[in-house]
Amino acid sequence: MAFDFKKEYKEFYMPKNTPGIVTVPPMNYIAVRGQGDPNLEDGAYKQSIGLLYGIAFTIKMSKMGDHCIEGYFDYVVPPLEGFWWQDGVFGIDYTHKEQFRWISVIRLPDFVTGDDFEWAVEEATRKKKTDFSKVEFLHYDEGLCVQCMHIGPYDEEPETVSRMHAYMEQQGYVLDITAERLHHEIYLSDARKTAPEKLKTVIRHPIRRPEA
């Protein structure tokens, strides 16, 4: 049976719909950076998703070809994720989506090296006749965070975020969103096939203990 990150690491992918504190270990990702409203039909965000999955499935299906990845095991491609921010805004302003800056990502299994990643980019470019030059190998150390499962439309996320921040403060933490530590979302539902009120999204914010 294929290894499923969502099932094996439920503390990171299947949290409760009440806020909790979690320490996230360093992870490697396939990443594409961009900016603009993610809802634009032919916009940069939706194009980035195609690029991510092109590389993700090239790596997953490497077992069918000549490129042998040391330590490879069969796995389910992890869900789409995103890091979000807006220049000059502390947190996220959902009323100005055109100002969004983002890094769209898909987690990589630990056995994938930088060399394996470069092979996948070259292989996907050759086979799919597509420009994958925007795709990068991203190492991200998220660390201490508050997180919660948000159920419902993306535009209602501020309600969940408010509960997360209230819980964080009750536990003695402060928000630590910086240029390096970002608002993070993990998309467990396919928005093309799921009713807005049933969408499941993990929301995660970096936190720290207050300075003495």
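Residues numbered from 1 in each chain as written. Predicted model: local features only at pLDDT ≥ 70, side-chain atom pairs only at ≥ 80, totals over all residues. Heavy atoms only, no water.

Peer 1: How would you sum up the nonpolar core? Please name residues and give values.
Peer 2: Judged by nonpolar contacts, the single largest core of 57 residues is most densely connected at Ile30, Ile55, Ile59 and Val135. Here this core gets 6 residues from one element, more than from any other, and that element is helix H3 (residues 44-60). Excluding anything up to four places from it in sequence, isoleucine 55 contacts Ile30, Phe117, Ala120, Val121, Ala124, Phe132 and Val135. (Core = buried A, V, L, I, M, F, W, Y, C linked by side-chain atoms within 4.5 Å. Buried < 20%, exposed > 50% of the residue type's maximum accessible area, 1.4 Å probe, protein only. Helix = DSSP H or I, 4+ residues; strand = E, 2+ residues; numbered from the N terminus. Contact = heavy atoms within 4.5 Å.)

Peer 1: Lay out the side chain of threonine 58 in plain terms, naming residues and giving numbers.
Peer 2: Mapped onto the elements of the fold, threonine 58 is located in helix H3. According to the relative accessible area criterion, threonine 58 is buried, its value standing at 12%. Reaching out from threonine 58, the side chain makes a polar contact with the backbone oxygen of glycine 54 at a distance of 2.7 Å. Those residues in contact with threonine 58 that sit more than four places away from it in its chain are Trp119, Ala120, Glu123, Ala124 and Lys128. (Polar contact = N/O pair within 3.5 Å; in protein donor to acceptor, adjacent residues only side chain to side chain.)

Peer 1: Pulling in residues and values, what's your account of the pattern of salt bridges?
Peer 2: For the structure on display, the rule yields 13 salt bridges. For the salt bridge of arginine 126 with glutamate 123, the shortest nitrogen-to-oxygen distance reads 3.0 Å. Here glutamate 123 and arginine 126 lie together in helix H4 (residues 114-128), a separation of 3 residues that amounts to about one turn. Take glutamate 123: its relative accessible area is 15%, and that puts it in the buried class. Where salt bridges share partners, they join Lys60, Lys63 and Asp74 into one cluster. (Salt bridge = Lys/Arg side-chain N within 4 Å of Asp/Glu carboxyl O.)

Peer 1: I'd like a rundown of unusual backbone geometry, residues and numbers included.
Peer 2: Here the phi dihedral of lysine 129 falls at roughly 55 degrees; this positive angle occurs in a residue that is not glycine. Mapped onto the elements, lysine 129 comes out in the loop between H4 and strand E5 (135-140).

Peer 1: Which residues make up H4, and what values do they have?
Peer 2: In this model H4 runs 21 Å from its N-terminal to its C-terminal C-alpha over 15 residues, within 8% of the 21 Å that 1.5 Å per residue would give. Every buried residue belonging to H4 is among Asp116, Phe117, Trp119, Ala120, Val121, Glu123 and Ala124, and all of these are buried. Tucked into the core, H4 has its buried residues touching strand E2 (27-35), H3 and E5. Immediately downstream of H4, the backbone of lysine 129 shows phi near 55 degrees, a positive value. (Expected span 1.5 Å × (residues − 1).)

Peer 1: Describe the packing of aromatic side chains, and please don't skip the residues or the numbers.
Peer 2: In the structure shown here, the tally under the stated rule is 18 aromatic pairs. Ring centres 5.1 Å apart and planes at 80 degrees place the aromatic pair phenylalanine 3 and phenylalanine 5 in the edge-to-face group. Exposure remark for phenylalanine 3: the relative accessible area of 24% places this residue in the partly exposed category. By the ring-pair criterion, three or more aromatic residues cluster together here, those being Phe3, Phe5, Tyr9, Phe12, Tyr72, Phe73, Tyr75 and Phe111. Over the ring of tyrosine 75 we find lysine 60, and its NZ or CZ is 5.5 Å from the ring centre. Sitting over the face of the ring of tyrosine 173, arginine 209 holds its NZ or CZ atom 4.0 Å from the ring centroid. (Phe/Tyr/Trp six-rings, centres within 6.5 Å; stacked < 30°, edge-to-face > 60°. Lys NZ or Arg CZ within 6 Å of the ring centre and 35° of its normal.)

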